[in-house]
Amino acid sequence: MTRLVHVVEPPSEPDAPVLLVLHGTGGSERDLLPVARAIAPGAALIAPRGPVVEADGVPRFFRRIPTGQPGPYPFTFDDAEIAQRTAELATFLDETVAAEGLEGRPRYAVGFSNGANVATAMLLLVPGALRGVLGFAPMPVLDDPPGTDLSETAAWLGAGRADPIATPALVERLAASLEERGAAVEVALGDGGHEVRLDAVRAAAAWFAKLRAATGGADLP
């Protein structure tokens, strides 16, 4: 069993999906539960805590590497480590789904910042682990993303126009990368900065409800 501190909230509907709920840097496994519940009220929620702990006690899903350069986000990442972490997270999801008797339900991820980044990386690095991602303040983190076929996946990416980290330009770059590989992607630009705003949650919930209705609550187009 892949050991991650986590919480599970069972589904309240028989055919509801599983949502993997992924917090941002410095967050906890409970941070985004209300957001995920607002997006998919009847879903099963599986929310792990990031296993990487920085020197100041901040949990994340993969490491940040300081660049020593000035800027709003002076860090870079390691593709090999991200591949390892996404594989471990996918295994954790498989094992938790089996342990909770949730097999056969479609799986999506809801994430903020680092959580959104690891979710979109999982789409690329672990094909079939997720049907789709709802990412708040995501950005590209892979230097050399693989040419994964994403024609069976979808992504909603929310960006704050004043976000100094996951800027609208970076979110659009991520969206283009996913679209090039066949994913159905919607980018929602809103007010605010690096945060999860109520209007963004409402937009994500509307997108997800439309997606689920269009697919009959099962597979993506």
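Up top you'll find the structure we're talking about.
All values reported here derive from a predicted model rather than from experimental measurement. (Residues numbered from 1 in each chain as written. Predicted model: local features only at pLDDT ≥ 70, side-chain atom pairs only at ≥ 80, totals over all residues. Heavy atoms only, no water.)

K.L.:
I'm lost on the overall build of the chain in this one. Help?
P.N.:
Across its full length, the chain carries five helices and 11 strands. Computed over C-alpha atoms, the radius of gyration of the chain comes to 16 Å, within 12% of the 17 Å expected from 2.2 N^0.38 for 221 residues, which places it in the range of a compact globule. Counting only C-alpha atoms and orienting by the principal axes, one finds that the chain spans roughly 50 × 35 × 35 Å. Every one of the 221 residues in the chain was classed for burial, and the buried ones make up 51%. Within the chain, contacts between residues separated by at least 24 positions form 69% of all contacts whose residues are at least 6 apart in sequence. Accessible surface for the chain amounts to roughly 9600 Å². Of this, 52% is attributable to carbon and sulfur atoms. For the chain, the separation between the mean place of its 18 positive charges and that of its 28 negative charges on side chains is 4 Å. (Helix = DSSP H or I, 4+ residues; strand = E, 2+ residues; numbered from the N terminus. Rg over C-alpha atoms; globule rule 2.2 N^0.38 Å. Buried < 20%, exposed > 50% of the residue type's maximum accessible area, 1.4 Å probe, protein only. Contact = heavy atoms within 4.5 Å. Areas by Shrake-Rupley, 256 points an atom, 1.4 Å probe, with all protein chains shown as cover. Lys, Arg positive; Asp, Glu negative; His and termini not counted. Charge placed at Lys NZ, Arg CZ, Asp CG, Glu CD.)

K.L.:
What is the right way to look at the packing of aromatic side chains in this model?
P.N.:
How two aromatic rings sit relative to each other is set out by the distance from centre to centre and by the angle between their planes. One pass over the full model with this rule turns up five aromatic pairs. Where tyrosine 108 meets phenylalanine 208, the ring centres are 4.9 Å apart and the plane angle is 85°; that geometry is what we call edge-to-face. Of this pair, tyrosine 108 sits in strand S8 (residues 107-112) while phenylalanine 208 sits in helix H5 (residues 198-214), and the two are 100 residues apart along the sequence. Grouping residues by exposure puts tyrosine 108 and phenylalanine 208 together as buried. Put simply, the rings of Phe62, Tyr73, Phe75 and Phe77 pair up and form one aromatic cluster. Sitting above the plane of the phenylalanine 62 ring, arginine 60 keeps its charged end 5.3 Å from the centroid. The cationic tip of arginine 64 hangs over the ring face of phenylalanine 75; the distance from NZ or CZ to the ring centre is 4.5 Å. (Phe/Tyr/Trp six-rings, centres within 6.5 Å; stacked < 30°, edge-to-face > 60°. Lys NZ or Arg CZ within 6 Å of the ring centre and 35° of its normal.)

K.L.:
Which parts of the structure should I look at to understand the pairing of S8?
P.N.:
It is a general feature of regular strands that their side chains alternate between the two faces of the sheet. The element S8 is largely enclosed, with a buried count of six among its six residues. Here S8 shows two buried faces, one formed by Arg107, Ala109 and Gly111 and the other by Tyr108, Val110 and Phe112. Pairing analysis gives five bridges linking strand S2 (residues 18-22) to S8, with the strands arranged parallel. Across the sheet, leucine 22 pairs through a bridge with glycine 111, a residue of S8. Across five bridges, the pairing between S8 and strand S9 (residues 132-136) is parallel. Bridge pairing links valine 110 to leucine 134 in S9. Read from S8 through helix H3 (residues 114-125) to S9, the crossover connection turns out right-handed. (Pairing = 2+ DSSP bridges. Right-handed = clockwise from strand over helix to strand, strands pointing away.)

K.L.:
I keep staring at the pattern of salt bridges and nothing clicks. Help me out?
P.N.:
Summed over all chains, the structure comprises 11 salt bridges. Between arginine 49 and glutamate 29 there is a salt bridge, with its nearest N and O atoms 2.8 Å apart. Here glutamate 29 lies in the loop between S2 and helix H1 (33-39) and arginine 49 lies in the loop between strand S3 (44-48) and strand S4 (52-53), a separation of 20 residues in the sequence. A single salt-bridge network, built from bridges that share partners, covers Arg63, Glu81, Arg85 and Glu88. (Salt bridge = Lys/Arg side-chain N within 4 Å of Asp/Glu carboxyl O.)

K.L.:
Can you help me understand the nonpolar core in this one?
P.N.:
If you look at the biggest cluster of nonpolar residues, it comprises 70 residues, and the most contacted ones within it are Leu19, Leu20, Ile39, Phe136, Leu178 and Phe208. The element best represented in this core is H5, accounting for seven residues. What leucine 20 contacts, discounting residues up to four positions off in sequence, is Ile46, Pro48, Leu89, Phe92, Leu93, Tyr108, Ala109, Val110 and Met122. (Core = buried A, V, L, I, M, F, W, Y, C linked by side-chain atoms within 4.5 Å.)

K.L.:
Explain H3 to me, please; I cannot follow it from the model alone.
P.N.:
An α-helical turn contains 3.6 residues, so a residue and the one three or four places further along point in the same direction. Along its 12 residues, H3 runs 16 Å from first to last C-alpha, staying within 8% of the 16 Å computed at 1.5 Å per residue. Buried residues dominate H3, accounting for 11 of its 12 residues. All of the buried residues along H3 are Asn114, Gly115, Ala116, Asn117, Val118, Ala119, Thr120, Ala121, Met122, Leu123 and Leu124. (Expected span 1.5 Å × (residues − 1).)

K.L.:
Looking at this structure, I do not really get the sheet that holds strand S11 (residues 184-190). What am I missing?
P.N.:
Whether parallel or antiparallel, the strands of a sheet pair through hydrogen bonds between backbone atoms. Taken in spatial order, the seven strands make up an open sheet running S1-S3-S2-S8-S9-S10-S11, and their pairing is mixed. Every other strand in the sheet has two partners, leaving strand S1 (6-9) and S11 as the edge strands with one partner each. Taking each pair of neighbouring strands and ignoring which way they run, the sheet shows an average axis angle of 15°. (Axes fitted to C-alpha atoms, helices over the stretch in contact; angles between N-to-C directions.)

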